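Residue-level structural notes
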Amino acid sequence: GNSEGVIDQAAGTVTVTVPADTNLSIVTPVISIPEGAKVSPASGERVDLTNPVTYTVTGISGDTKTYTVTATKASDKMQGYGGQDHCQIPYHCRE
């Protein structure tokens, strides 16, 4: 399933809640950024979110912004669909 992240631009954090049965050690976030910008680790690159992961977004102007992405699992009671090892974190970097 897909899970959308909550972005705090000021704090540079992204928090995402994933299905309870997601294996956080092998998630593949899909990250939306403005055209011409770059993100590292790359969108679609498998990462281990058992601990927070720092992403660096580089804008067209060369300015960088870092985001710390933290994933938490939803409680089993909230689980209404089959989870997959894939989460989507669409966020936009402002220059």
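The shown structure was predicted, so the numbers you read here are calculated from the model rather than taken from an experiment. Residue numbering note: each chain is counted from 1, following its sequence as written. Thresholds applied to this predicted model are a pLDDT of at least 70 for local features of residues and 80 or more for the giving and counting of side-chain atom pairs; totals over whole chains, interfaces and linings are not thresholded and use all residues. As a rule here, side-chain values come from all non-hydrogen atoms in the structure, and water together with hydrogens is ignored.

**A few points about the overall build of the chain**
For clarity, the cut-off: In this description a helix means any DSSP run of H or I spanning at least four residues, a strand means any run of E spanning at least two, and both kinds are numbered starting from the N terminus. Any residue under 20% of the maximum accessible area for its type is buried, any over 50% is exposed, and the rest in between are partly exposed; the area is computed with a 1.4 Å probe on protein chains only. Note on areas: these come from Shrake-Rupley sampling with a 1.4 Å probe, and a residue is covered only by the protein chains present in the view.
Each helix and strand counted, the chain has 0 helices and 7 strands in total. Counted from the first residue to the last, the chain has its helices and strands arranged as β-β-β-β-β-β-β. A buried classification covers 34% of the 95 residues belonging to the chain. For the chain, the exposed area adds up to about 5400 Å²; of that, 48% sits on carbon and sulfur atoms.

**A short note on the packing of aromatic side chains**
Heads up, the condition is: Aromatic rings from Phe, Tyr and Trp, taking only the six-membered ring of Trp, are treated as a pair when their centres fall within 6.5 Å; an angle between ring planes under 30 degrees marks them as stacked, one over 60 as edge-to-face, and anything in between as tilted. We call a charge positioned over a ring when the NZ of a Lys or the CZ of an Arg lies within 6 Å of the ring centre and within 35 degrees of the ring normal.
If you walk through the whole model with that rule in mind, you get 0 aromatic pairs. A cation sits over an aromatic face here: Lys65 above Tyr67, 5.6 Å from the ring centre.

**Concerning the pairing of strand β2 (residues 13–18)**
The following threshold applies: If DSSP finds at least two bridges between two strands, the strands pair.
Burial of the side chains of β2 is restricted to one face: Val14, Val16 and Val18 are buried, whereas none of Thr13, Thr15 and Thr17 on the reverse face is. Of the pairings in the sheet, the one linking strand β1 (residues 6–8) to β2 comprises 3 bridges and is antiparallel in character. Residue pairing for β2: Val6 is matched across the bridge by Thr15. Of the pairings in the sheet, the one linking β2 to strand β6 (residues 64–73) comprises 6 bridges and is parallel in character. Among the inter-strand pairings, Thr13 is bridged to a residue of β6, identified as Thr68.

**Overview of the nonpolar core**
Applied cut-off: Here the nonpolar core consists of buried residues drawn from Ala, Val, Leu, Ile, Met, Phe, Trp, Tyr and Cys, with membership extended through side-chain atoms lying within 4.5 Å. Only heavy atoms enter the contact rule, under which two residues are in contact if any of them lie within 4.5 Å.
Leu24, Leu49 and Tyr55 are the most contacted members of the largest nonpolar core, which totals 15 residues. Contributing elements (two or more residues each) for this core: β2, β5 (53–58) and β6. In contact with Leu24, not counting residues within four places along its chain, are Val18, Val47, Asp48, Leu49, Thr50, Ala71 and Lys73.

**Overview of the environment of Leu24**
With respect to the secondary-structure elements, Leu24 resides in the loop between β2 and β3 (30–32). In sequence terms Leu24 and Thr50 are 26 residues apart; their C-alpha atoms lie 5.3 Å from each other.

**Some thoughts on the sheet that holds β6**
Here is the rule: For helices, the fitted line uses only the C-alpha atoms of the stretch in contact; every axis is such a line through C-alpha atoms, and the angle between N-to-C directions lies from 0 to 180 degrees.
Read from one edge of the open sheet, 5 strands run β1-β2-β6-β5-β4, paired in mixed fashion. Edge strands, defined here as strands with exactly one partner in the open sheet, are β1 and β4 (38–40). Across the sheet, the mean angle from the axis of one strand to that of its neighbour is 25 degrees, orientation sign disregarded. Sheet topology places β5 next to β6; 6 bridges connect them, and they run antiparallel. Within β6, the position partnered with Thr58 by the bridge is Thr64.

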